[in-house]
Amino acid sequence: MNNQTFEEFYLKYRKISRGYAYGVLHDWSIADDVSQDVLYKMYTIKDGLNIDNEKMMFSLIKRASMNKALDYIKKSSSKHEFVCQEEVAAFLEEQNSVDAEEVFLRKEKKEFMYMVLRRFRKEQPINYEILIQVKYLEISVETVAEEYGLTKSGVNNRIYKAKRWL
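Computed from a predicted structure; not experimentally measured.

(A) Inspection of the overall build of the protein at higher detail. Of the regular secondary structure elements, the protein holds 8 helices and 0 strands. Traced from its N-terminal end to its C-terminal end, the protein shows the element sequence α-α-α-α-α-α-α-α. Out of the 166 residues in the protein, the part that is buried amounts to 28%. Here the contacts in the protein between residues at least 6 apart in sequence split such that 58% fall between residues at least 24 apart. Carbon and sulfur atoms provide 52% of the accessible area of the protein, an area that totals close to 11800 Å².

Dropping the structure here:
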């Protein structure tokens, strides 16, 4: 790194890292923590990185931020730090429901949907990632196309095929 201080490095790549972490976590304060961890790690290994290649650094920080955010979600301790409003609403809905059969059918449907998504991810991992990034993380089609070396229409075709498979 060409005599670049950590503060300069941090200010340059903070928005990128924080934005992708937020796309996974949906919480700005946790996304800040994740982006700080990622950028500190990048700075500590600065000698092995080509900082002058901004396109490579953008992709590296993007991927590292998303992976770190996913790791944060997987940690059991983080599950006790915040509560998902959807989970609370689903729990209250189940508590208010007196029909046990309806509750059982909802749980069975949810398990089936997760099974289908796991199978889709196993059979078509690239299409799965493209679909998740564009439709759920709301990353632009152009950015995803650039990351995977595809055209914009190629990304849209993969999304169409993924939806059709599902």
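(B) Local environment of the environment of Asp 27. With respect to the element layout, Asp 27 can be found in the loop between α1 (6–25) and α2 (28–44). A polar contact is formed between the side chain of Asp 27 and the side chain of Ser 29, at a distance of 3.0 Å.

(C) Focus on the packing of aromatic side chains. Considering all chains together, one arrives at 4 aromatic pairs under this definition. With a centroid separation of 6.3 Å and an interplanar angle of 75 degrees, the aromatic rings of Tyr 20 and Phe 58 are classed as edge-to-face. Of this pair, Tyr 20 sits in helix α1 while Phe 58 sits in helix α3 (residues 54–74), and the two are 38 residues apart along the sequence. By relative accessible area, which is 13% here, Tyr 20 ends up buried. Here the aromatic residues Phe 120, Tyr 128 and Trp 165 are joined through ring pairs into a cluster of three or more.

(D) Spotlight on the pattern of salt bridges. Inspection of every chain in the model, using the stated rule, returns 6 salt bridges. Between Asp 32 and Arg 18 there is a salt bridge, and its shortest N-O distance comes to 2.4 Å. In this pair, Asp 32 is assigned in helix α2 and Arg 18 in helix α1, connecting sequence segments 14 residues apart. Of the residues examined, Arg 18 reaches a relative accessible area of 24% and is grouped as partly exposed. Arg 63 serves as the salt-bridge partner of Glu 129, at 3.7 Å between the closest nitrogen and oxygen. Highlighted residues: Glu 129 in helix α6 (residues 125–136) and Arg 63 in helix α3, separated in sequence by 66 residues. Residue classification places Glu 129 among the partly exposed positions, given a relative accessible area of 32%.

(E) Spatial organisation of the side chain of Lys 62. Position of Lys 62 among the secondary structure elements: in helix α3. Assessed through its relative accessible area of 3%, Lys 62 is described here as buried. Once you skip the residues sitting within four places of it in the chain, Lys 62 turns out to touch Tyr 20, Gln 133, Thr 143 and Glu 147.

(F) Looking closely at a nonpolar patch on the surface. On the surface, Phe 112, Met 113 and Met 115 cluster together into a nonpolar patch covering about 300 Å² of accessible area. On the secondary structure map, Met 113 appears in helix α5 (residues 100–123).

(G) Representation of α5 within the structure. Look at α5: 35 Å from first C-alpha to last across 24 residues, which is about the 34 Å you get at 1.5 Å a residue. Restricting attention to buried positions, one finds in α5 the residues Val 103, Val 116 and Phe 120.

(H) Summary view of the environment of Ile 126. Its location among the elements puts Ile 126 in helix α6. Taking C-alpha positions, Ile 126 is 9.8 Å from Ala 162, a pair spaced 36 residues apart along the chain.

(I) Molecular detail of the nonpolar core. Counting residues in each nonpolar core, the largest one holds 34 residues, and the members touching the most others are Phe 9, Val 34, Met 57, Ile 61, Val 134 and Val 155. When residues of this core are traced back to their parent elements, those giving at least two are α1, α2, α3, α6, α7 (141–148) and α8 (152–165). In this structure, Val 155 is in contact with Ile 130, Val 134, Val 141, Val 144, Ala 145 and Leu 150, ignoring residues within four places of it in sequence.

Reading guide: rules and limits
Residues numbered from 1 in each chain as written. Predicted model: local features only at pLDDT ≥ 70, side-chain atom pairs only at ≥ 80, totals over all residues. Heavy atoms only, no water. Helix = DSSP H or I, 4+ residues; strand = E, 2+ residues; numbered from the N terminus. Buried < 20%, exposed > 50% of the residue type's maximum accessible area, 1.4 Å probe, protein only. Contact = heavy atoms within 4.5 Å. Areas by Shrake-Rupley, 256 points an atom, 1.4 Å probe, with all protein chains shown as cover. Polar contact = N/O pair within 3.5 Å; in protein donor to acceptor, adjacent residues only side chain to side chain. Phe/Tyr/Trp six-rings, centres within 6.5 Å; stacked < 30°, edge-to-face > 60°. Salt bridge = Lys/Arg side-chain N within 4 Å of Asp/Glu carboxyl O. Patch = residues over 30% accessible without salt bridge, like charges linked within 9 Å, V, L, I, M, F, W, Y side chains within 5 Å. Expected span 1.5 Å × (residues − 1). Core = buried A, V, L, I, M, F, W, Y, C linked by side-chain atoms within 4.5 Å.

Any functional reading would require information beyond the geometric quantities listed.
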